Amino acid sequence: MTPRLRMQAITKAFDGIRVLHGASLDVEAGEVMGLVGENGAGKSTLMKIVAGVHTDWDGMIALDGVPRRLGSTREAEAAGIAIIYQELNLVGELSLAENIFLGREPTTPAGFIDYPEMNTRAVEIMAGLGAGMDVTRPVGELRVGRRQLVEIGKALSQQARIVIMDEPSSALSETEIQILFSTVTELRARGVTVIYISHRLGEIFEVCDRVTVMRDGRTVGVHATGEVSRQELIAQMVGRNFEQFFVKAGQPQPETVLEVRDLTRRDPDRPGRRMIDRISFEVRRGEVFGIAGLLGSGRTELLEALFGAAGAETTGQVLLNGRCLDLRTPAEAIAAGFGLLTEDRKDSGLVPDMSVIGNLTLAALADLCRGGFISRVREQELAETYLHDLSITAPDPQLPITSLSGGNQQKVLLARWLATNPAVLLLDEPTRGIDVGAKHELYLHLSRLTRAGMAIVLTSSELPELLSICDRIMVLCEGRPTALFDACEATQETILAAAAPAV
Amino acid sequence: MSEETLLSLDREPGHSLTRRLGPFIGLAAIFAGGVILNGATFLNPYNQLNVLGRISIIALPAVGMTMVIITAGIDLSVGSLVSLASVVCAMLLMERSPTRATAVSVPIFVLCALGAGYLLTRAILRRFVSDPRRVGLGAAGGGLVLAAGTALWCRTMIPSGFGTLAVLLIVPGLGLALGALSGIIIAKGRIQPFIVTLGMMSAAVGLAKFIAGKGGQIHPVYYEAAGYEAAGTVHTAPASFDALSGHLTLFGIDLVPVTTLFFVAAVIAVGVILTRTRFGRHLYAIGGNEETARLSGVLVDRVKTLVYALCGALSALAGVLYCAAYTQGKSDAGLTWELDAIAAVVIGGTSLMGGRGTVTGTLVGVLILGYLGNILNLQEVPSEVQDILKGVIIVGAVLIQEGTLLRLWRRGTGSRRRTRSQPEE
């Protein structure tokens, strides 16, 4: 049988640096193929070649046995290939429907956009994804997870024969992931080929028929998911054996560092509504305090409120080491000893044109200055310390941070906050979109930090992660705390039960 | 300023090779064109000094604009502030009684002195006093003393006309205040810089005409040596003000126009700000990603206010130098200068999207535009044709920097290479 898509001996270089060395991939019609590998292994590059984004590569690509060279994304689309990127590509100001049909809007005979038709079709597509949403709403108003569903809807609307999903679940809640899985199953039943890139191996085993492993720009293995174990996959991805993936932090110490009482944040867009509602908790020295909850439960909003980023919308008391704080700006929060690693690297983490060093020292500049002048020597020293401590791979730290891989970018942003010596580190989805190796490293760093006495508040939509690295877990539902577990007593089921809204 | 500082002015992050080198190559090409077309006339020291003198004034708003554009903002009001400043400057020098110019500029200057005195005393006191309340009181006292002194100083000058130093302080103070006003509205009101400075552009010209009186009459500046006989009816400006339009001379040889010294000082100062200070780093951070900057503790509103204030002050300083160079203040002195300033910044490789750019680039952009005008003048090309060529150069320069032409050319020659792809994942 001819495979739907065959890629052989693909090589590709960026500015003289080889990123693919003869990668290959075979996918049958109606098959769900997992694609795994560490960041920088070349997965996304390989997929961008299929999607016609990169056009200068060597090797062979055949669609249904016919060799093809896709010269542009348009050609790829015409050939029935749709790709959903890790970094979402939606126009925030346009509505859901307008985004789904962007560039392919149905028109009336007079040439105007046929809005009724477009909206009806958009509703059908989103309903097919199990997401009944107002398709006339601007996409910018949606949370990341919802936007992802719109991206998937967009791909489906193109009648694609090959759908490539690059980290589709990284921003989705458990419920939405289940919807995604049923969508993937549905696509397979229709004979559509799905290539599913994910760092979450659990998903690969759940939804994929086979899995292709990439490492350092090469294809190093293809397995049927029924015939390979998680450990074997990880070993093949990193090229060595993993003793233990999750790293549990040390024992929390008795003294309380952070105390939060009745923290409430009003929703400025919807008067009378509260994004978070009377939340109280305490975090001890050396503790990793997890916050679980579905999308929109108020996890991110809680961290923002703690960090002073919500300004006057916030009420309630925050005590740090027994001292009552009234934080109105992030600058005050940083000075008081907070650091916030945000959920969305692109939106609120990176300064894309700035160098690796500039990004790393951005929040700690005050300590590096005399009379407003930055000491370059001290800045360099500080940056090098953290580049080394967090083993960040940055060939030239003077280059823009966008020259680094996702995992290394994330480590630079973590370093940005460590450089300010925070007493409390707030981490919003710190492992989103980074690879297995980088995750493991991050766990090691967190464990080291807590042993040094730092208090960490962490959110994650990956329940196994929360259960393994946190000491205690608070569950939020629609802005209200619904449960507080010792991590050793909680299970995925008990957390999910507490997180689900009572109907 | 050290050599190292000058050399490192262009070491800013985020520059592709064409972006970084493009402006210099362009300047070299224009210069070579001048030598080929006009030979000795072009290279003649007098011609070179003439070009320098002409561009140095217009370069000041461009230097301020560089900082504004790095924050992803824009300041359309710089030309109007030049006009306003030239009018106020001429009237302060020539009038011997309180006028609208003094009524507007002196109180604002006293306010500036209050602020400066406050900040200065506070900075000094902080080193010795720990109690913040006592620091605040002391700083307020320091501000009041400086403000009172300034007010008295201004009062004494009204009957005799303001001196050179006075206008060099008072007029930029006016620009600083109006720039800060734009900045505050942009920052606190969350309004697009384009809109706010468009408003300021209109308002400042209106103010200039109102101050000038009679719908914007021209205020000439006279000197003793100019030989005007009507002493007693027409006052004269101090000779030191005339020196602003002259040259720095050594052994009777003109070395460099005085205005160029201001320009060079501004380039160095802003270069140091951009590359060496926290404020400068914050400008890049805001332009690169404002939300990240805010969450990293950058006081975004304060930085924005300050950057528009600095741009306003530099524009007003240009107005003073204009007044000296053309011996008059008029309410259309800086007409369309904002466009020249933006053009110079953009030719210099600074991105209108913010987050990247250098002041050396702007320096080169100003030189390119200056030499272009000079060469075309020497070739006796009509001014309307010059404007067309200038437009072509501006757009062409950016096309080259963005690598667009290169890419189109490669596509045209059938090569499938792409130039701007980056490794991802």
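These numbers were taken from a predicted model, which means no experiment stands behind them.

Thresholds applied
Residues numbered from 1 in each chain as written. Chains lettered and ligands numbered in written order. Predicted model: local features only at pLDDT ≥ 70, side-chain atom pairs only at ≥ 80, totals over all residues. Heavy atoms only, no water. Salt bridge = Lys/Arg side-chain N within 4 Å of Asp/Glu carboxyl O. Helix = DSSP H or I, 4+ residues; strand = E, 2+ residues; numbered from the N terminus. Buried < 20%, exposed > 50% of the residue type's maximum accessible area, 1.4 Å probe, protein only. Contact = heavy atoms within 4.5 Å. Buried area = accessible area lost by both parts, 1.4 Å probe. Polar contact = N/O pair within 3.5 Å; in protein donor to acceptor, adjacent residues only side chain to side chain. Expected span 1.5 Å × (residues − 1). Pairing = 2+ DSSP bridges. Axes fitted to C-alpha atoms, helices over the stretch in contact; angles between N-to-C directions.

Draft legend 1. Representation of the pattern of salt bridges within the structure. In this structure the tally under the stated criterion is 29 salt bridges over all chains. Salt-bridge contacts for Glu-304 of chain A lead to Arg-265 of chain A; the nearest nitrogen and oxygen are separated by 2.9 Å. Here the residue Glu-304 of chain A occupies a position in helix α9 (residues 299–306), and Arg-265 of chain A occupies one in strand β11 (residues 256–266), the gap between them amounting to 39 residues. Overall, Glu-304 of chain A belongs to the partly exposed group, its relative accessible area being 25%. Put simply, Arg-281 of chain B and Glu-379 of chain A hold a salt bridge, and the shortest N to O gap is 2.6 Å. Here the residue Arg-281 of chain B occupies a position in helix α11 (residues 278–288), and Glu-379 of chain A occupies one in helix α14 (residues 376–389), the pair thus bridging two chains. Classification of Arg-281 of chain B as buried rests on a relative accessible area of 14%. Given a relative accessible area of 6%, Glu-379 of chain A falls into the buried group. Each of Arg-4, Asp-64 and Arg-161 of chain A takes part in salt bridges that share partners, so that together they form one network.

Draft legend 2. The arrangement of the interface of chain B and chain A in detail. With 32 residues of chain B at the interface, the matching set in chain A holds 48 residues. For the pairing of chain B and chain A, the buried interface totals around 3400 Å² over both sides, and the portion due to carbon and sulfur atoms is 52%. The tally of links between chain B and chain A comes to 2 salt bridges. Across the pair Arg-356 of chain B and Asp-353 of chain A runs a salt bridge whose closest N-O atoms are separated by 3.6 Å. At the junction of chain B and chain A, the tally comes to 11 residue pairs in polar contact (both at pLDDT 80 or more). Sorting the residues of the side of chain B that touches chain A by element identifies α10 (258–276), α11 and α12 (290–295) of chain B as the ones contributing at least two each. In terms of residues, the side of chain B that touches chain A owes the most to one element, α11 of chain B, which gives 6 residues.

Draft legend 3. Inspection of helix α7 (residues 164–189) of chain B at higher detail. Here α7 of chain B contains 26 residues, and its C-alpha end-to-end distance of 37 Å stays within 8% of the 38 Å for a straight helix at 1.5 Å per residue. Following α7 of chain B by one or two positions, Arg-190 of chain B has its phi on the positive side, about 50°.

Draft legend 4. Representation of helix α1 (residues 43–50) of chain A in the model. Residues and elements named next belong to chain A. For α1, the buried fraction is high: 8 of the 8 residues fall into the buried class. Regarding α1, the residues found buried are Lys-43, Ser-44, Thr-45, Leu-46, Met-47, Lys-48, Ile-49 and Val-50. Downstream of α1 by one or two residues, Gly-52 has phi in the positive range, about 80°.

Draft legend 5. The sheet that holds strand β22 (residues 480–486) of chain A, seen in detail. Residues and elements named next belong to chain A. Spatially, the 6 strands line up as an open sheet ordered β16-β19-β20-β13-β21-β22, and their pairing is mixed. Of all strands in the sheet, those bounded by a partner on one side alone are β16 (338–341) and β22. Ignoring which end each strand starts from, the neighbouring axes of this sheet average 20° apart. Summarising the sheet, strand β13 (residues 288–293) and strand β20 (residues 455–459) pair through 4 bridges and their orientation is parallel. Following the sheet pairing, Ile-291 is matched in β20 by Thr-459. Its contacts with the sheet place helix α16 (residues 436–451) against β13, β19 (424–428) and β20, and it is angled at close to 145° to β20. Seen against the sheet, helix α18 (residues 492–499) touches β13, β21 (472–477) and β22 and runs at an angle of roughly 30° to β21.

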